[in-house]
Amino acid sequence: MNSENTCYKQSVTAVVIRDNKVLLARHTYGAGKGLLIVPGGYLNFNETPEDAVKREYFEETGVIIEPRDIIAVRFNLKDWYVAFSADYVSGIEHPDNDENSEVLWLNVNDALSRSDVPDLTKKLIEAALNNQSSLKKTEYISRENHGTYSLYTK
C-alpha cells in the first residue's frame, strides 16, 4: 500500500456470500488480530468506494468481486466506513500473508456462531442476508458534466 496515496478517513468492506458460505480472512494485526473478518481497507485518493473494495478484496484474497448494494455505514468524528454486499466474480481464495494469514469460505451459520468472528462481522453478514434494508445502486450522469455517479437509494 502506498501510504502517500491513502485516505485514512475513508474505508470500505464487503460481504460476499456464495453457496451459503461467506468469504472471511484471519487478520494479522491490531484489534482484529487472530479473528476472522470481512476483508476491506482504506480508499486511495481519487478512488471510488466501489473501486476500493474491489481492489482491497483482490489484494487481500485473490478474489474478484462486484459490489452490489450498501448494507451498512459506520461513522464517527474521525472517519467513515461503508459496507457493501458483493457478488463473487472469479478467483481462488488465498491469504496475502501480510494483512491476513488465512482466507476461507465459511458456512454462514458457522460464521454467525463462532467466537473468532467478531460482532461487527456478524452484524454485516446478517445485514447482507437481510437485503431488504440495503440501499440499492443506480447510476446517473450529472447534468453539470461531473461524470457518472453511483446513487444508493431504498
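Our structure is the block above this text.
Just so you know, these numbers come straight off a predicted model, no measurement behind them. (Residues numbered from 1 in each chain as written. Predicted model: local features only at pLDDT ≥ 70, side-chain atom pairs only at ≥ 80, totals over all residues. Heavy atoms only, no water.)

Student: Got a minute to help me understand unusual backbone geometry in this structure?
Tutor: Across the chain, the bulk of peptide bonds are trans and the bulk of non-glycine residues have phi less than zero. Not every positive phi belongs to a glycine, and Asp19 is a case in point at roughly 55°. Residue position: Asp19 is located in the loop between strand 1 (6-18) and strand 2 (21-27). (Helix = DSSP H or I, 4+ residues; strand = E, 2+ residues; numbered from the N terminus.)

Student: Could you clarify how one ought to interpret the environment of Asn97 in this entry?
Tutor: Following the sequence through the fold, Asn97 ends up in the loop between strand 6 (80-90) and strand 7 (100-107). Given the relative accessible area of 62%, Asn97 is considered exposed. When the C-alpha positions of Asn97 and Arg26 are compared, they lie 9.9 Å apart, and in sequence the two are 71 residues distant. (Buried < 20%, exposed > 50% of the residue type's maximum accessible area, 1.4 Å probe, protein only.)

Student: So what exactly am I meant to see when it comes to the nonpolar core here?
Tutor: If you look at soluble globular proteins, the nonpolar side chains tend to sit buried side by side. Val15, Leu24, Tyr57, Ile65 and Phe84 are the most contacted members of the largest nonpolar core, which has 35 residues in total. Residue assignment for this core shows that the elements contributing at least two residues are strand 1, strand 2, helix 1 (49-61), strand 5 (64-75), strand 6, strand 7, helix 2 (108-113) and helix 3 (119-129). For this core, the element with the most residues is strand 6, which contributes five residues. If we ignore the near neighbours within four places in the chain, the residues touching Val15 are Val22, Val38, Tyr57, Ile71, Phe84, Ser85, Ala86, Leu124, Ile125 and Ala128. (Core = buried A, V, L, I, M, F, W, Y, C linked by side-chain atoms within 4.5 Å. Contact = heavy atoms within 4.5 Å.)

Student: Any chance you could explain helix 3 here in plain terms?
Tutor: Helical geometry note: an α-helix holds 3.6 residues per turn, so side chains three or four residues apart project in the same direction. Within the sequence span of helix 3, burial applies to Thr121, Lys122, Leu124, Ile125, Ala127 and Ala128. Next to the buried residues of helix 3 lie strand 1, strand 2, strand 3 (36-37), strand 5, strand 6 and helix 2.

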